[in-house]
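Each chain, written out:
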Amino acid sequence: MIFRDDLTEYDRARERMVQSQIEARGIKDPRVLEAMRQVPRHLFVPVDMRGSAYRDSPLPIGEGQTISQPYIVALMTEMLELSGEERVLEIGTGSGYQAAILSLLAREVYTVERLPSLAQRAEEVLRQLGYTNVHIRVGDGTLGWPEHAPYEAIIVTAASPEVPAPLLDQLADGGRLVAPVGPRWNQTLVRVRREGDRFHRERLTAVAFVPLVGKHGWREDDGLLRRVIG
Ligand code: SAH
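Residues numbered from 1 in each chain as written. Predicted model: local features only at pLDDT ≥ 70, side-chain atom pairs only at ≥ 80, totals over all residues. Heavy atoms only, no water.

J.: Report on the packing of aromatic side chains, specifying residues and quantitative values.
T.: Each pair of aromatic rings is reported with the distance of its centres and the angle of its planes. Counting across every chain of the model gives four aromatic pairs. A centroid spacing of 5.8 Å and a plane angle of 65° characterise the contact between F44 and Y97, whose relative ring orientation is edge-to-face. Of this pair, F44 sits in the loop between α2 (30–38) and β1 (59–62) while Y97 sits in helix α4 (residues 97–103); the two residues are 53 residues apart in sequence, bridging distant segments of the chain. Y97 carries the same exposure label as F44, and that label is buried. When the centroid spacing of 5.4 Å and the interplanar angle of 80° are considered together, the rings of Y110 and W145 count as edge-to-face. Taken together, the residues Y110 in strand β4 (residues 108–113) and W145 in the loop between β5 (134–138) and β6 (151–156) connect sequence positions 35 residues apart. (Phe/Tyr/Trp six-rings, centres within 6.5 Å; stacked < 30°, edge-to-face > 60°. Helix = DSSP H or I, 4+ residues; strand = E, 2+ residues; numbered from the N terminus. Buried < 20%, exposed > 50% of the residue type's maximum accessible area, 1.4 Å probe, protein only.)

What follows is the structure, encoded as structure tokens:
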């Protein structure tokens, strides 16, 4: 059957992706590699993009948004140092792919998406695939999701000039936050580790993410993105 042949082809493409894009670039955490092998990325992209799902690049998912490049998903996930017990907060659900990866590596995943249409599509695919420990909410993720805080790990998958302060407040003692931080078109991936009231910051690598639009991020203003002042 064509359907079965397709699945096998996607599975092969996924295995090649893990070997050539992820292992070859130094991702070592065996749990992260296994999750990247398991989650069917092609089911998280629009149907007409499925043939490109395992390419070494981000892809459009509608509404001007993108699903991140597989390597960046693996890298950010590895930086969270998940053991399986954590409550994780993700800001920017997008396609739901990153949330699916996290759901295999942590206890509960709380994810916030600003655009209702994307949240709804992500919710559907996650439900169909049986990722039952992912909880989606529509809203401004720069405010976090205080009801379930604190989180041992927080991942922000859209870029802002600074790490939104509410997210630092909602990070557990000993917790890790990974986020792209910097100007509109190019950012640095940073990891913040909380120790009591101290926040230790490491700079990881150069990245380019779509903007985080909200109270503690960028403001959408007549089609122009301006930094929120004050
Ligand atoms: N993690 C996603 C990729 C996200 S792209 C995946 O695996 O597919 C970034 C997403 O962040 C977009 O869907 C965008 O709508 C969303 N976003 C931007 N600003 C946001 C905000 N303030 N709160 C929540 N989501 C936001």
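Anyway, onward from the coordinates.
J.: Quick one: what's the story with the pairing of β1, residue by residue and with numbers?
T.: Remember that side chains alternate between the two faces of the sheet whenever the strand is regular. By the bridge criterion, three bridges tie β1 to strand β2 (residues 65–67) in an arrangement that is antiparallel. When the bridges of β2 are listed, P60 appears paired with T66. Between the antiparallel neighbours β1 and β2 lie two residues, among them E63 with a positive phi of about 60°. (Pairing = 2+ DSSP bridges.)

J.: Tell me about the site of the ligand, and name the residues and values.
T.: Around the ligand sit 26 residues in total, of which G92, S95, E113, G141 and V213 are the nearest. Contacts to the ligand include R114, whose backbone N or O atom sits 3.2 Å from a nitrogen atom. The side chain of T157 places a nitrogen or oxygen atom 3.1 Å from a nitrogen atom of the ligand. If you list the elements that add at least two residues to the shell around the ligand, you get β2, β3 (87–91), α4 and β4. When residues in the shell around the ligand are grouped by element, the largest group, three residues, is from β2. Along the lines of polarity and charge, the residues of the shell around the ligand split into eleven nonpolar, eleven polar and four charged. (Near = heavy atom within 4 Å. Polar contact = N/O pair within 3.5 Å; in protein donor to acceptor, adjacent residues only side chain to side chain. Nonpolar A, V, L, I, M, F, W, Y, C, P; charged D, E, K, R; others polar.)

J.: Describe the nonpolar core, naming the residues involved and giving the relevant values.
T.: Core analysis: the biggest nonpolar cluster contains 53 residues, and I27, M36, F44, L82, Y97 and I101 have the highest contact counts within it. Taken together, the elements giving at least two residues each to this core come down to α1 (2–23), α2, β1, α3 (70–79), α4, α5 (116–129), β5 and β6. Among the elements that line this core, the one with the most residues is α3, at seven residues. Setting aside chain neighbours within four positions, we find I27 in contact with I22, V32, L33, Y71, A74, L75 and E78. Grouped together as the second largest cluster of nonpolar side chains are 20 residues, L89, I154, A158 and V163 included. (Core = buried A, V, L, I, M, F, W, Y, C linked by side-chain atoms within 4.5 Å. Contact = heavy atoms within 4.5 Å.)

J.: Explain the pattern of salt bridges to me, using residue names and the numbers behind them.
T.: In total, this model carries twelve salt bridges according to the counting rule given. Here E23 ties to R37 by a salt bridge, and the two come within 3.4 Å at their closest N and O atoms. One end of the pair, E23, is in helix α1; the other, R37, is in helix α2, and 14 residues separate them in sequence. Classification of E23 as partly exposed rests on a relative accessible area of 34%. The exposure class of R37 is partly exposed, given its relative accessible area of 25%. (Salt bridge = Lys/Arg side-chain N within 4 Å of Asp/Glu carboxyl O.)

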